[in-house]
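Below, each chain spelled out in residue letters.
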Amino acid sequence: MGPIGKTGREPAARDDPTTLQGQPPVTNSERTHPAHAPMHQFPVLDGELVIGGVPLSRLAARVGRTPFYAYDRRLLAARVTELRSSLPAGLKLHYAMKANPMPALVCHMARLVDGIDVASAGELRVALDAGADPAEISFAGPGKGPGELRQAVAAGILINIESPREIPELAAISSDTGCAARVAVRVNPDFELKSSGMKMGGGARQFGVDAEQVPELLAEIGRSGLAFEGFHLFAGSQNLRAEAIVEAQCKSYELALKLARFAPADVRFLNLGGGFGIPYFPGENRLDLATVAGGLAVIADRAARELPAARLVIELGRYLVGEAGIYVTRIIDRKLSRGQIFLVVDGGLHHHLAASGNFGQVIRKNYPVTIGNRIGAPTSIAASVVGPLCTPLDLLADRMPLADAQPGDLVVIFQSGAYGFSASPQSFLGHPACVEIIV
Ligand SMILES: *Cc1c(COP(=O)(O)O)cnc(C)c1O
C-alpha cells in the first residue's frame, strides 16, 4: 500500500540512474524536494493496484486495450459519505460535472449528491439522462447561447444569470414557452479566493456580474417577471488551503446577505461555490476538511436566522471525483539515452493533458505515478515516462524513481478522475481514442 508515499520523490540528477539498487540514497535535493502525498485510496493485492475490487492486469484484460481511464464507484461514494459526515446537516452538495462528464459516472454521482451543476446544454442532456431532478440542476457559464437558454427553461432547471443580456432573452423565452425561467444571479465578488490554482472571481472577469452591478440587475429581473431564486458565487478552483476557502465562503455569504436586500423575492438558493483541491504535486497535502466544515457550520447557523428560506449549496467537481480515477497506459519501449531511461507508453498528453503539465500549470511538475503491476517493488530506477507523440511536451513523468519497469508493464497516473479524458486533445496526432470505464 501507499506506493507513492515511498517512491514519489523528485529525483535528483544522478550520474548513472541505471545502476541504482533498492532505495536510492536520500540526497540534499530530495530533502529540499518534498514527496507526493501518499496514494492510499486503492488497495494492493499481490503487488497489483486494485480498482473497484479488480486487480489492475485483470482489469486491463477486461477492457481489452490500453490506455484507459478507470473510476472506482466505491471511492466516489466514500468521498460523498465523508463529506456528508463532516459538513453541516442540511447543506446541499452539488456535483459540478465539467470535472468528469462521463455519462455512467454522472449517473452514479446523481444518486449520491443533491444536485448537478452543468455548464452547457450538452452537459444538461447528460445530467437529465442520468436521472438528476431538474429542480436540482443549475446552469452556469459566461456565454450561454439562445438555444441553450431555451433548452434550460424548457427543462425547468435553475439558470445562473451572468450577463444583463440574458434577462430579456429569458423573458422572451418565458412568455413564448409559458414557463417562467428560474434564475439566480452569479455574482463576481469584490474579493479573490487566495492561493487558488485557478482564480474565477474577483477583479475583472468574464464570469458572473460584478457585485456593484447586481442591485440594478436584480431590479431588472423583478421587472421582467423571471422567477428569482437566489445567488451563486464561485471564487476559484483547486485550493488546498482550508483557511483561504473558509475566508472566501464567509465573504461570499456576507456579500449575498448584503445583496439579498435588493432581491425581488426571498433568497431560496445560495450557492457558495467550492474550489476544494486535491494533492497532485510533491509537497502538497490533502485539504483539512474539518476546518472547512467548521467555517461552513458557522455560515449555516447564520443563514438559518438571516436567510431562513435559503437552501445552502456547495458545488464540487474535482474534490468529488479526482482521487477516484486513474489513467492506465502500457509501456511499449524502454530506451536509454545518454544515461537517462525513457519508458515509452501507448498513452500521452492527447489523453491526459493535465499530467503533461499543459492544462493551466505554470511550471511542469510530476503527477503521482507508479508501475501498477509492480507495487511494493523497490524503486530502483529513475525514469521518464513519455508518450508516442512527436513533441517533447508529451511527458507524463520526468525522471521519477520507479520500479524497474519493462515493456508490457502498466504505468498508472493517480489523481486522474477530474479534468482528464474530457479535458484532453484526443485527436492531436491521430492516435486511437482512449477508453473510460467505471468499476
Ligand atoms: C469548474 C467549476 C466548478 C468545479 O470546480 P472544481 O475545482 O472542479 O471543484 C464549480 N463551479 C463552477 C461555476 C465552475 O465553473
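Not measured: the values here are computed from a predicted model. (Residues numbered from 1 in each chain as written. Predicted model: local features only at pLDDT ≥ 70, side-chain atom pairs only at ≥ 80, totals over all residues. Heavy atoms only, no water.)

### What about the environment of Ala171?
Rule in force here: Helical segments are the DSSP runs of H or I of at least four residues, strand segments are the runs of E of at least two, and each set is numbered from the N terminus. Contact criterion: two residues are considered in contact whenever any of their non-hydrogen atoms come within 4.5 Å of each other.
Structurally, Ala171 can be placed in helix α8 (residues 166-177). For the pair Ala171 and Thr379, spaced 208 residues apart in sequence, the C-alpha separation works out to 63 Å. In contact with Ala171, not counting residues within four places along its chain, are Ser224 and Leu226.

### Digging into the site of the ligand
Definition in use: For each residue, the test is whether any non-hydrogen atom lies within 4 Å of the molecule or strand; if one does, the residue is near. Under the rule applied, a polar contact is a pair of N or O atoms within 3.5 Å (in protein, one hydrogen donor and one hydrogen acceptor; residues adjacent in sequence only if both atoms are side-chain atoms). In this classification, the charged set is Asp, Glu, Lys and Arg, the nonpolar set is Ala, Val, Leu, Ile, Met, Phe, Trp, Tyr, Cys and Pro, and all remaining amino acids, among them Gly, are polar.
The ligand sits among 13 residues. The nearest are Lys98, Ser237, Gly317, Arg318 and Tyr419. A distance of 2.8 Å separates an oxygen atom of the ligand from a polar backbone atom of Arg318. Take Tyr419: an N or O atom from its side chain is 2.6 Å from an oxygen atom of the ligand. Partitioned by chemical class, the residues of the shell around the ligand number five nonpolar, four polar and four charged.

### Some remarks on unusual backbone geometry
Phi is mostly negative for residues that are not glycine, and the peptide bonds are mostly trans. For clarity, the threshold we go by: Each residue is assigned to one of three classes by its accessible area relative to the maximum for its type, calculated with a 1.4 Å probe on protein chains only: buried under 20%, partly exposed between the two thresholds, exposed over 50%.
Cis geometry is found at the peptide bond from Thr66 to Pro67, where omega equals -5°. Structurally, Pro67 is set in the loop between α3 (56-63) and β4 (68-71). A positive phi angle, near 50°, is found at Arg338, a position not held by glycine. Looking at where Arg338 falls in the secondary structure, it is placed in the loop between β16 (325-337) and β17 (340-345). Despite not being glycine, Leu429 shows a phi value in the positive range, around 80°. Along the chain, the position of Leu429 falls in the loop between β21 (410-413) and β22 (435-438). For Leu429, a relative accessible area of 40% translates into the label partly exposed.

### With respect to the packing of aromatic side chains
Convention followed: Centres within 6.5 Å are what make two rings of Phe, Tyr or Trp a pair, Trp counting through its six-membered ring; a difference in plane orientation under 30 degrees is then read as stacked, over 60 as edge-to-face, and the rest as tilted. Our definition puts a charge over a ring when NZ of Lys or CZ of Arg is within 6 Å of the ring centre and also within 35 degrees of the ring normal.
Evaluation of the coordinates by the stated rule reveals ten aromatic pairs. Judged by centre distance (5.8 Å) and plane angle (35°), the ring pair of Tyr280 and Phe281 falls under tilted. Judged by its relative accessible area of 11%, Phe281 falls in the buried class. Three or more aromatic residues link up through ring pairs in this structure, and these residues are Tyr69, Tyr71, Tyr327 and Phe421. The ring of Tyr319 has Arg79 sitting right over it, with the charged end atom 4.3 Å from the ring centre. Above the ring of Phe139, the side-chain terminus of Lys144 is found at 5.8 Å from the ring centroid.

### A few points about the sheet that holds strand β3 (residues 54-55)
Applied cut-off: Strands qualify as paired when DSSP identifies two bridges or more between them.
Here three strands make up an open sheet; going across it, the order is β1-β2-β3 and the pairing antiparallel. Only two strands of the sheet have a single neighbouring strand rather than two, namely β1 (44-45) and β3. Bridging between strand β2 (residues 48-51) and β3 involves two bridges; their strand directions are antiparallel. Across the sheet, the residue bridging to Val50 is Pro55, located in β3.

### Focus: the side chain of Asp117
Using the following cut-off: His is not counted, nor are the chain ends, whereas Lys and Arg count as positive and Asp and Glu as negative. A carboxyl oxygen of Asp or Glu within 4 Å of a side-chain nitrogen of Lys or Arg is what we treat as a salt bridge.
Here Asp117 shows up in strand β6 (residues 115-118). The buried charged residue Asp117 lacks any salt bridge, with Lys98 as its nearest oppositely charged partner at 9.3 Å. Here the side chain of Asp117 touches His94 through a polar contact of 3.1 Å, side chain to side chain. Asp117 has contacts with His94, Tyr95, Ala96, Met97, Glu123, Ser138, Asn271 and Glu315, leaving out every residue within four places of it along the chain.

### Considering the packing of helix α10 (residues 242-260) against helix α11 (residues 289-306)
Convention followed: Fitting a line to C-alpha atoms yields each axis, with helices limited to the stretch in contact; the angle taken between N-to-C directions then spans 0 to 180 degrees. Orientation is classified from the angle alone, with under 35 degrees giving roughly parallel, over 145 giving roughly antiparallel, 65 to 115 giving roughly perpendicular, and any other angle giving oblique. Helix crossings get a hand from a simple test, with the near helix turned counterclockwise from the far one by less than a right angle marking a left-handed crossing and a clockwise turn marking a right-handed one.
At a minimum axis distance of 8 Å, the contact between α10 and α11 shows a crossing angle of 15°. Comparing their axes, α11 and α10 come out roughly parallel. Note on packing geometry: the crossing formed by α10 with α11 is right-handed. Here Ala242, Ile245, Val246, Gln249, Cys250, Tyr253, Glu254 and Leu257 of α10 lie close against α11, whose contacting residues are Thr291, Val292, Gly295, Leu296, Ile299, Arg302, Ala303 and Glu306. Broken down by class, the residue content of the contact of α10 with α11 amounts to ten nonpolar, three polar and three charged.

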